[in-house]
Each structure stands twice: as C-alpha cells, then as structure tokens.
Amino acid sequence: MTLSIRAKTFLGILMTLVVLTCVFVFSLHLFDEQNIAKVESQFGHEALLRAENLLQEKESDLVNIAHSVAMLDTVWHGRDGKVDATEALPFFETFPVDFIVYVDSSYHLRFQHCFHSLAEFDGNIVETLKDELTLQSPSALTTPIKGLVRFEGQPLLIVTSPVFSPQKNGQLVGVLALGLLLDDGFWHQVNEEWKMHSRLTLAENALTSCPDVLYHCIRKPLTDIHGRESFVLHSGSYRFMREFSRRNLLAFFGLFAFASIVMVFITQMILDVLVLSRLVRLGHSLEKIGNCHSSDPETAVNVDGDDEIAAIGHNINQMLERLRVGDQIRFQQEKRFADMIEHSGLVVIGIDHRSQIVLFNHAAESATGYKRQDVFEQNFFDLFTTADTAELLGGYIAHAMANGEFTTDFHAPLRMRDGGVRQFLWDAIFEYDEHGQIDNFIGFGRDVTESQAAERRLKLITKVFENTAEAIVITDRRNRIIEVNQAFESVSGYTRDEVLGQDPNLLQSDRHHQDFFDKMWRQLLSDGHWEGEVWNRRKDGEDYVSWVTIDTIRDHQGAIKNFFSISSDISQIKEAERQLHRLAYFDSLTGLPNRLSFSQQLEDRLLHCAEACNLAILVLDIDSFKLINESLGPVLADTLLQMVSERLSLCTYDGAFLARVGGDEFAFILRKQRVKNMVAELFECVDAPFVIGAQRINLTLSVGIAVAPDDGETVAELLKNAGIALYSIKDLRRNSYQYYQGFMSERVTERMTLAEMLREALDQEEFELYYQPKIRLNDGKIVGAEALLRWHSRDGMIPPDRFIPIAEQTGLILPIGEWVLKQACRQAQIWRQVNPDFHMGVNLSPAQFDLDYLPQFVTETLQDTGLPAEALELEITEGMIIEDIDDTVKILNSLRELGVDLSIDDFGTGYSSLNYLTRLPLDILKIDRSFMFEVPDSRESTNVVLSILALARSLNLKVTAEGVETEDHVTLLRDNRCTFIQGYFCSPPLPVREFEAFMSQGQCRCSNCEGITWIQSNSSDA
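Residues numbered from 1 in each chain as written. Predicted model: local features only at pLDDT ≥ 70, side-chain atom pairs only at ≥ 80, totals over all residues. Heavy atoms only, no water.

S.K.: What is the right way to look at the overall build of the chain in this model?
M.R.: Helix and strand content of the chain: 34 helices and 34 strands. When burial is assessed residue by residue, the chain has 43% of its 1022 residues classed as buried. On the chain, roughly 56500 Å² of surface is accessible, and the fraction owed to carbon and sulfur atoms is 53%. (Helix = DSSP H or I, 4+ residues; strand = E, 2+ residues; numbered from the N terminus. Buried < 20%, exposed > 50% of the residue type's maximum accessible area, 1.4 Å probe, protein only. Areas by Shrake-Rupley, 256 points an atom, 1.4 Å probe, with all protein chains shown as cover.)

Right, here's the structure in full:
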C-alpha cells in the first residue's frame, strides 16, 4: 500500500501528540496532599503576619488621632468647665473611629458620641469604657492606654489620651478615649489581597475557631489592655490551589515546549526524507533546464517515486516538450519581426525601463548619424533630447503607462550626431515581460522637419495675408484682380467676389490726372516698384487717401507674372495729425489756446520785443471754484468754464493773447499800459450772473500781474511771479488784482521753510496742547475743555493760523491730527479721575474726514487711552459738511454709534442749511467768536446769535458760545439759555499745569467772574 506525503506527515504528528499526552498525565501526578499542606502553611503564616501589621497600623493611627483631638482646647475646656464639642462633630466624623468618649478626672462622663455601626450601643460603650478604666491605677490617667477589650463578644481597639488644661497651668482635667470596632470591614481589608480566612476570637473559643480540619490553621494569642491573653488571632487558606496550580502549570508548559520541539524535529525529519530531498533534486533538474535551451531534447526532469512529486516531474517534462515546439514557432516570428523593423523606412528606437537603448534600426542610423553599436545601452534622453524634450517625452510615456497604451501620435524632436535638431512624428508600443509588467518602450518615428517647416510657412503667409492691417491686391499680368484680403474689403467696401476679375481702376477717384497714372506705370514697368499717395474712392462714393506700394512678380524667365499691391488708408492719420496739432496747442474744453501755446506765444513776443515794450502777464482764476465745482458737479462746472471763456474772449483787446493754462486759470499777454483797463473790463465781464439751468451763479476773479522785464525775462519766471501775485491775495479779498512784488517770493520761501520745519516738529516733540475751559452756564462748573494746538519751534512760538494751512496743503495734518487726538484723550482720562463729568473737545481737519479712516482711528484711540466715548466731543466745520453730504452723514453716524458727541464749529460763518442740520446726527452748535465780538453793539450780530440759540432749542441741540469776553456776553447768553461758554472772560487757553490749577477751583472763580451775581449764587449750590 502506497502512502501519500500528507498521510505520512499526519502519522508523525500523531505520534508527537501521544508523547504530549503522557507528559500531561505525569504533571497531574504532582498535585499530592504533601504539596497542598506546604502551600497552605506558607500562605497561613503570610496572612497572619499581614493581620498583625494592619492591627498595629490601626492602633498607631488611633494614638495619633487621640493625641490631636486631646489638644483641642476650645472643645474640651469650654466656658464654666462645660464641654462644647457639638460644633466639632462634623470634624470628628471624618476620623476613622467608631466612638469618642471624654470623662473628667473623677471619671464623670462629659462627652460621648458613637459613629457608624456603634450608634445603637451608645450607653454600653460608656459602661465598658468605665469598667476598663477603673481597673487601672489612678496614676494611669496621665499615661496613654492602648489595647484590645471585649465588647458584645467582639474585639474592640481602645486608645486613651490625657487632657491637660493650659488655663490651669497644665493640670489634668480628664481623659479622652477613642475606639475602633474590629468588624467585618476590618477583616475584609485584612483578607482582600491574599483571599485568606483571618479572624480574631476570644481565647475560650480558640479550639473551635478552625472547624474545617482539611486546612491547616495558624494561631497566635493576643493580650488585652490588662495584659491577659484574651484573644486568639488565627488564619487559614481557602485559595491556596491557585498559587500551587500556577507553579505546576509553569512546569507543565516547560514540558509542553520541550515536547513541541521534539514534535517539530520529528516532523522535520519526515518532511526532509519524504519531501525536501526530492524537491531539491527536482530544483537541480529545473536549474539545469534553465541554464540550457528548453528546446534541447536532452533536458528532462528525473524524479523517482510514484507520489505527487513524481507526478509534478512528469508534468514538467510534458510542458518542456510543448515549449520546444513553441520556441521554434516564436523564433520564426521574431526573425520575421526583426527583418520588418530593420528594413522599414521608419526610425525605430527601443528603450528599456532604465531609458537605455535596446533597439536601433538601419533607418535610425541613417537619420541620426549614429551607429547602433555606438548607442546600445546608452541613455536615450542624454543622447538624443534636450531638457524640454525629455520632460515632454517623459510626461507622454507616463500618461500612456497609466492608460496602458498610446492613444495618439505625438511630435518630439531628436538631437542628431552633428548637433542639429530634427522633428519627428512618433507612434509607440509597449513590450511586456512574463509578469505582465512593461519591459520596453519601442517608438516608430517619421522625419517631418521639412513638411512642418513648409506647413508653418504656408500658415504664416496665409495668416499675415488675412490679418494684416494693409489692404492687399494681387493681379495677374493683364492687371486683373485674382486675390484680395480682408483689409481690402474693410477699406474699399467691396467684397472679394465683387472685385475678382476686375481692373483695379474701379477704385479711382477724380483727384488724379491721367498723367499721374501714366508716370506710375512707366516707373513700375521699368523699376519693378512704385509707391506714393493715391486718392481712391470707396464703394459708397467716399474718397480716401492711401499710401500705396506696388511691386512686380516675375517668373524664372524674368517675365511679369503678377502685380502685388499693398495700400494703407492714411485718412485717419491725416486727420489725427490735425487733431494732435489742435490738442497740443488748444484746450479741448474751451477751444482757447492752452499753456503750451501761451508759453510759445510769450517766448516769441519776448524774443521780438524791445526792452522798453513792457509786456504784462495776467494770470486769473475764479474764486472758490472748487466749492462751486463740488456743488454743481463736473458736467455743469465744465459748462460754466465754457461760458466764462466766451466772456473773457469778448473782453480781449486787439493784440492781447488769451489762453486757458489750468483748471480755472486763464492768462493774458498784453502791453503794460492796458493792464488797468483790461482788469476793469474783466471784472465787468463776469459781474453779470451766469445762468446754468435754473441756477444763477455770481463769480468773482482774482488777478496776478507780472511785467517784463522787471519781474522776469523768461516765460517760467513771469508765469511763476504772476502766480505768486495771484495767490498772495487769494484768501484776502475778491474781485481784486495784485502786481508782483519781491517780498512775495520771500513769503513763498517762508511757507516752504515752515513746511520743512513741520516735518521735523513731531519727531522733535515741539507741539504742545493748550486747553481752553468750557463753562456750564447754569451752575458755573468747569465741565470740559477744547484742545488747541501750539507749536514751540526753534524760531519761537508759531501761531496756528500760519502753520495749520501749510500742514493741510502738505498732508502733514494727518499725523499731527492723530497726535492731537491721542494726547487730548489721554489727558482727558487723567482729568476724569478728578472730575468724572469732564469732556474734551478736539477739532477735526477736512483731511481726516474719511469714512474708511476716521471711525476706526477714533475707536483705536479710545481703546488705547481708556477714555469713554461719551467724554469726547469732535468738532467739524461747515465746509466739511457740504463737500459731500451723503458721505458726511455716513461718517457722523459711524462716530455717533461709538458714543462720541458731535458739534459744528464756527456755526453761521459758512454755508449752513436747515436741510443739513435736520439730516446730521449733531449734539452741539458752536457760535463763532466773530459774532460775539460785535454783541451787543451790532444789532445784526446779536440777532444772528439769538437766531442760532432759538434754532438749537427747536432742534434740541446744545450750544457753545466762543469768544465770550464781557459781562454783557454772559448776560445775553444766560437769558437765552445758552448751554456752555468759552472765552477770555473766564480763562484763555492754558497749558496742562495752569489748567489743572484753574480746574482745582471746581468752577469759574477768576477775577472777571467775582462780580457776576449769577455765578456767585450758583456757586454756593454747586
């Protein structure tokens, strides 16, 4: 009977299992009674020792607790000798004790309390304690006692501690006793870890404490507090088998591991004899087959036996026979494929996965100049491609590998051996190995360098022909049109179909004589080229001028084959030249000569003028035109400028030259003798109102005059000095003129010097804030101040009216304004510590009035300084309001949402409107000091003040009057319910320390106010 390898292996493992069973039976024999007794005795002694240690720990804990509790004087030494421990009961309940008893030196009970499970034995505990204590000698009261006593048949751990009174010079006043019942909780703690049976019993019950004779019981006698052996501590094991089993199982597992090793060894021997040695012979046979050709008839596998391995050898021999037949077929196919590749007209190059060349046919040698032996096993990309081409090919191959095939042809250039580059169109395939992985990449290329170049040239010519801006006409030798481009159709208006076969003379206009065309043809036929301007006519009859170039195209024999014409419509260029001249020298809005024309005219007159001719230059502009422009809008403002230029043109003398040299600036050139008459006529020309739509606008002019050669000998000097003269009166008066004088340049220089000094003022800390008190009229209290900027420059104090306009013009007002607001808010926060109602007023510049800037900056300043928003008052001018009322409303609403107060400064001096006041979220109106100067002498100014006060009351607004300097001012404002006043009547602007001294008065008490009845009467109430 023949057994298989599987059956033989099963028998070997079965024998090993029999051995393991015998080992297991032997290990069970180790569990005898002698070993059990040893384990039980060992565990009993360990448990007994643990119980003794735990009992000693409990006794030590009670001693420490008793000593600590005995020192609580406030509990045991209460008033009149009474014990007052009720308040300490929550504290006592945290102790791990079952009762607390306190008796005096005469054994009279003063305090007792039982906890937990002994609460129902309250009285019995006290009696037991008395009995035990009375057995001691009287001197024992001063000595702590610890030990066990009997209670209700159970052991009770007792500890005593004497109590001494510090109030009686350390005299013994009583004894404190603490007890702990050794109940089930105690024994659970003893037996928890070892799972033992341990118990403390009375001595007379010691013989029956271990009724189970199967287990060994360990005993130890214990004494009570009198030294009598009243208790027995015993311990026995119930779970000893666990430890015993653990040790024996270790031995068992050791034997099992040994047996397993034996089993593996036996199995290995069986497999080695029956399987492995035969498989080695089979492997050697296959290795021999692999080293020689499979078609060799001598290659065969020889494995003896009649089992599965022998069957595998037989099957391998059959496969080898089939492989021999297949190798012959494959050899024939490979030879045919190699012949096809070698003689193909395509360039064939194969590379492996390392990019090394493994295939290079004859066509590749011819195309690249390389021999195949020179390129085999060379890196294809290093040899034939640039970095860009390598990246292109690598990406294309990677994409094809991801898809498993090449989907389309692709272009990729190759670098030849001579360094040249030629273009190839490629197709490609993958070769796979026996594992189905891509092994080689074979590319089939066709040289398309010449065809691509020809195609590019043709496309380029076609694109240029179709998209060039010039009109192109091609005719045959008989001058018949055979082709035109899109530009010709656009320029002439004729379509391609309409002109094919026609003579180009259909485009002729009537502006050229026949001699012009005869001369053109003579030159064209003799020289082969002609160019010039030609007036043609479009299909719609419109004439246009073109720059035409005509060339002849001849064949190889020199005969004319075609005429090639290129023409450009230069009508727009001609018109643009005229427009450029006009734009360069004339103003597009008014039609007047511009600054360039003016400069050339002036330079020409200065050049041809005698020294005594005294030319005068007048530069004028419209007063407040910026405000008018913002009010009317740019369209109507341009209309107004056109109307002004028309009037100025009517007022011009013969020989005078008028030009527009800027936005609202005009300039005249005339003789000096006519200046006064010209100025008078100019003022008269603009005196009549200008009507634009439904609006009537009155204008005034300011004129600056410079005379040559006294005020300058060049165009630049005269224009500059006339401008200086103009702006010297700009802010002083209207409808006036000013001749240039030398000191005006000094003033301009001074302004430039101030501008430079301003740039350094912040860094040099030259600015300082003065504070003018704000007085509340109804009680005379100082409720705030207005922050006023002062500049202590290196040249001394410079007033604000000199440097503020310069700061606004140069843009320095922004950093200066930020410094003012931060400094004022920081100072206001300091003063609010003394006066919680203190408010600080700060003026805003128009440059700061921006929606994206101002609310955010105010918010950050309030956060940085800690000043409440309601303590800040921001003052704006009326000019800032009317510049853009919609933006103004948005900005003021954003500030109002922060909580700050808003006021209009210098109210009544600008362009106030009830419509503005009703739309704006204002809190305060400030009456300008210019009105207060004339009160009450001027009836008009007094009425203005009273009107502002009445208007404010109707709008529920507060009013601050500036410039209050007399008692009459105060009386008038008080009688008409003005809210606040500022002015020299109470105090001028003061620096910080002087203002603090003034504010320390609490209310207005200056020398000017002492005689005012209303201030004195209200001061007593403040």
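S.K.: Looking at this structure, I do not really get the sheet that holds strand β21 (residues 665-671). What am I missing?
M.R.: What holds strands together in a sheet is hydrogen bonding between their backbones, with the strands either parallel or antiparallel. On the basis of which strands lie adjacent, the open sheet formed by five strands has the order β20-β21-β19-β24-β25 and mixed pairing. Looking at the sheet topology across the chains shown, the edges are occupied by β20 (657-660) and β25 (736-739). Sheet twist, expressed as the average angle between the axes of neighbouring strands with direction ignored, equals 20°. Pairing of β20 with β21, which is carried by four bridges, proceeds in the antiparallel orientation. Within the sheet, the bridge partner assigned to Ala659 lies in β21 and is Ala667. In the packing of helix α18 (residues 595-608) onto the sheet, the strands contacted are β19 (615-622), β20 and β21, and the crossing angle to β21 comes to about 15°. (Pairing = 2+ DSSP bridges. Axes fitted to C-alpha atoms, helices over the stretch in contact; angles between N-to-C directions. Contact = heavy atoms within 4.5 Å.)

S.K.: Which parts of the structure should I look at to understand a negative patch on the surface?
M.R.: There is a patch of like negative charges on the surface, built from Glu934, Asp937, Glu940, Glu967 and Asp968. Since its relative accessible area comes to 48%, Asp968 is described here as partly exposed. (Patch = residues over 30% accessible without salt bridge, like charges linked within 9 Å, V, L, I, M, F, W, Y side chains within 5 Å. Salt bridge = Lys/Arg side-chain N within 4 Å of Asp/Glu carboxyl O. Lys, Arg positive; Asp, Glu negative; His and termini not counted. Charge placed at Lys NZ, Arg CZ, Asp CG, Glu CD.)

S.K.: Please clarify how the packing of aromatic side chains should be interpreted in this entry.
M.R.: Both the distance between ring centres and the angle between the ring planes are used here to describe each pair of aromatic rings. Within the structure shown, the criterion is met by 22 aromatic pairs. Aromatic pair Tyr370 and Phe384: ring centres 5.2 Å apart, planes at 75°, arrangement edge-to-face. Of this pair, Tyr370 sits in the loop between α9 (362-368) and α10 (372-375) while Phe384 is found in helix α11 (residues 380-384), placing the two residues 14 residues apart along the sequence. With a relative accessible area of 13%, Tyr370 lands in the buried category. The buried category is assigned to Phe384, whose relative accessible area is 0%. Measuring from centroid to centroid gives 5.0 Å for Tyr771 and Trp831, while their planes differ by 80°, and the two rings are edge-to-face. (Phe/Tyr/Trp six-rings, centres within 6.5 Å; stacked < 30°, edge-to-face > 60°.)

S.K.: How should the sheet that holds strand β15 (residues 481-484) be read in this particular structure?
M.R.: Taken in spatial order, the five strands make up an open sheet running β15-β14-β18-β17-β16, and their pairing is antiparallel. Whereas interior strands pair on both sides, the edge strands pair on one side only; in this sheet they are β15 and β16 (529-537). Averaged over all pairs of adjacent strands, the angle between their axes in this sheet comes to 25°, without regard to strand direction. Bridge count for strand β14 (residues 471-476) against strand β18 (residues 560-569) is six bridges, and the pairing is antiparallel. Pairing of Thr475 across the sheet is with Phe563, part of β18. Contacts from helix α16 (residues 514-527) reach β16, β17 (543-554) and β18, with the element oriented near 150° to β16.

Don't take any of this as a statement about function, it's just geometry.
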